[in-house]
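# Observations on the model geometry
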Amino acid sequence: MDLKITTLAGEDAGKVKLSQEIFGLDPREDILQRVVRWQLAKKQQGTHKAKGRAEIARTGAKMYKQKGTGRARHHSARAPQFRGGGKAHGPVVRSHEHDLPKKVRALGLKHALSAKAKASNLIVIDDLKLTEAKTKALIANFAKLGLTNALMIGGAELDVNFKRAAANIPNIDVLPIQGINVYDILRRGTLVLSKAAVEALEERFK
């Protein structure tokens, strides 16, 4: 699969041949859903907490005598049915992580890349570099390329000027190639890869 390479200024910079095994698959929603669910579960803090009856600071005395009152038998005021009592089966601090095989994670990334390529939402730029960290200049470049909602993936090292200039632009994310992931690819409209990022991906999936 051949794709045109452009510069940040929107000029033609040749062509790149993309691997069919990475960018030419027929996207499977079930695999993408599994990987996104795994990512979001891993991201959850799991710090939600409610006090159970064992953690409530209330008297341990029996509320009233067992027999002769005509009322139900109760022992502790800490029981969940009473105001100020503990929560029954409340949330506890825990990890929401679950396992996902490495092969499925790798396949998910390939399918996410293929989905963008198939929808013509993939752009390859020769280099994500700026001489000055000027947001206004970068917005003008993005306007030429028609980018309003995009994920930009650079090489192993991001250009500091480019990263700073893009930081203030809404709906634009910038990541090094090590940070590429299925969730961020799918949540943005367009995927922009640098030439170095394409090479790194093809090397990774050899």
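Quick note: structure is the one above.
A few points on the structure. (Residues numbered from 1 in each chain as written. Predicted model: local features only at pLDDT ≥ 70, side-chain atom pairs only at ≥ 80, totals over all residues. Heavy atoms only, no water.)

### Thoughts on the sheet that holds strand β5 (residues 172-175)
Hydrogen bonds between backbone atoms are what pair the strands of a sheet, whose relative direction is either parallel or antiparallel. Let me state the cut-off plainly: Between any two strands, at least two bridges found by DSSP are needed for them to pair. What counts as a helix is a DSSP run of H or I of at least four residues, what counts as a strand is a run of E of at least two, and both are numbered from the N terminus. Axes here mean lines fitted to C-alpha atoms, for a helix over just the part in contact, with angles spanning 0 to 180 degrees between N-to-C directions. We call two residues contacting when some pair of their heavy atoms lies within 4.5 Å.
Taken in spatial order, the six strands line up as β2-β1-β3-β6-β4-β5 in an open sheet, and their pairing is mixed. Lying at the two open borders of the sheet, with one neighbouring strand each, are β2 (12-17) and β5. Pairs of neighbouring strands in the sheet enclose a mean axial angle of 30°, with direction left out of account. Judged from the two bridges that link them, strand β1 (residues 2-6) and strand β3 (residues 122-125) form a sheet pairing that is parallel. Considered in β3, the bridge of Thr6 is made with Ile125. Those strands touched by helix α7 (residues 195-204) are β1, β2, β3, β4 (150-153) and β6 (190-194), and its axis lies near 85° from that of β6.

### So, the environment of Ile185
For clarity, the cut-off: Only protein chains enter the accessibility calculation, which uses a 1.4 Å probe. A residue is then buried if its area is under 20% of the maximum for its type, exposed if over 50%, and partly exposed in between.
Following the sequence through the fold, Ile185 ends up in helix α6 (residues 182-187). In this structure Ile185 comes out as buried when scored by relative accessible area, which is 0%. Setting aside its immediate chain neighbours within four residues, Ile185 contacts Leu109, Ala112, Leu113, Lys116, Leu151, Ile180 and Leu191.

### Focus on unusual backbone geometry
In the Ramachandran plot, His89 falls in the positive-phi region, its phi being about 55° despite a non-glycine side chain. As for its placement among the helices and strands, His89 is situated in the loop between α2 (29-43) and α3 (102-118).

### A short note on the pattern of salt bridges
The cut-off we apply is this: Within this document, salt bridges are pairs made up of a side-chain nitrogen of Lys or Arg and a carboxyl oxygen of Asp or Glu, the two lying within 4 Å of each other.
Tallying each qualifying case throughout the model produces eight salt bridges. The residue Asp30 makes a salt bridge to Arg28 at a minimum N-O spacing of 2.6 Å. Owing to a relative accessible area of 38%, Asp30 belongs among the partly exposed residues under this scheme. Between Glu55 and Lys49 there is a salt bridge, with its nearest N and O atoms 3.0 Å apart.

### Observations concerning the pairing of β3
Every second residue of β3 is oriented toward a common face, with Leu122 and Val124 on one face and Ile123 and Ile125 on the other, all of them buried. Here four bridges tie β3 to β6, and the two strands are oriented parallel to one another. Looking at β6, one finds that Val124 is bridged to Leu193.

### As for the packing of helix α4 (residues 135-145) against helix α5 (residues 160-167)
Think of two packed helices as two axes; the pair is described by the angle between the axes and how far apart they sit. Spelled out, the test is: When describing relative orientation, an angle under 35 degrees is termed roughly parallel and one over 145 degrees roughly antiparallel, while 65 to 115 degrees is termed roughly perpendicular and anything else oblique. Only Asp, Glu, Lys and Arg are considered charged in this grouping, and only Ala, Val, Leu, Ile, Met, Phe, Trp, Tyr, Cys and Pro are considered nonpolar; every other residue, Gly among them, is considered polar.
Their axes nearest at 8 Å, the elements α4 and α5 cross at an angle of 85°. By the angle between their directions, the pair α4 and α5 is classed as roughly perpendicular. Contacts from Thr135, Leu138 and Phe142 in α4 reach Phe162, Arg164, Ala165 and Ala166 in α5. A class-by-class count of the residues in the contact of α4 with α5 yields five nonpolar, one polar and one charged.

### Here's the deal with the layout of surface pockets
Stated formally: Whether a set of points on the 1 Å grid over the protein atoms alone is a cavity depends on a 1.4 Å probe fitting there but being unable to get out, while an open set qualifies as a pocket with protein on both sides within 12 Å along at least five of seven lines; lining residues are those with an atom within 4 Å of a point. Grid points are joined across faces, edges and corners, and a volume is the space filled by probe spheres set on the points.
Its volume calculated, the largest pocket comes out at about 190 Å³. For the lining of the largest pocket, the elements supplying multiple residues, two or more each, are α2 and α3. A total of four residues in the lining of the largest pocket trace back to one element, the largest contributor, which is α3. Residues of the lining of the largest pocket, tallied by class, amount to seven nonpolar, three polar and three charged.

### Details of the nonpolar core
Using the following cut-off: Each nonpolar core is a collection of buried residues, namely Ala, Val, Leu, Ile, Met, Phe, Trp, Tyr and Cys, held together in the definition by side-chain atoms within 4.5 Å.
Among the nonpolar cores identified, the biggest contains 30 residues, and Phe23, Leu113, Ile180 and Leu193 are the most heavily contacted of them. Listed by contribution, the elements that provide at least two residues to this core are α1 (20-23), α2, α3, β3, β4, α6, β6 and α7. Each residue touching Leu193, except ones within four places of it in the same chain, is listed here: Phe23, Leu122, Ile123, Val124, Ile125, Ile153, Ile180, Val198 and Leu201. Counting 18 residues, the second-largest nonpolar core is a separate cluster that includes Ile125, Leu128, Leu130 and Val192.

### A look at the environment of Phe162
As for its position among the elements, Phe162 is in helix α5. For Phe162 and Lys129, which are 33 residues apart along the polypeptide, the C-alpha to C-alpha distance reads 5.6 Å. Setting aside anything within four residues of it in sequence, one finds Phe162 in contact with Leu8, Leu128, Lys129, Leu130, Leu138, Phe142, Met152 and Val174.

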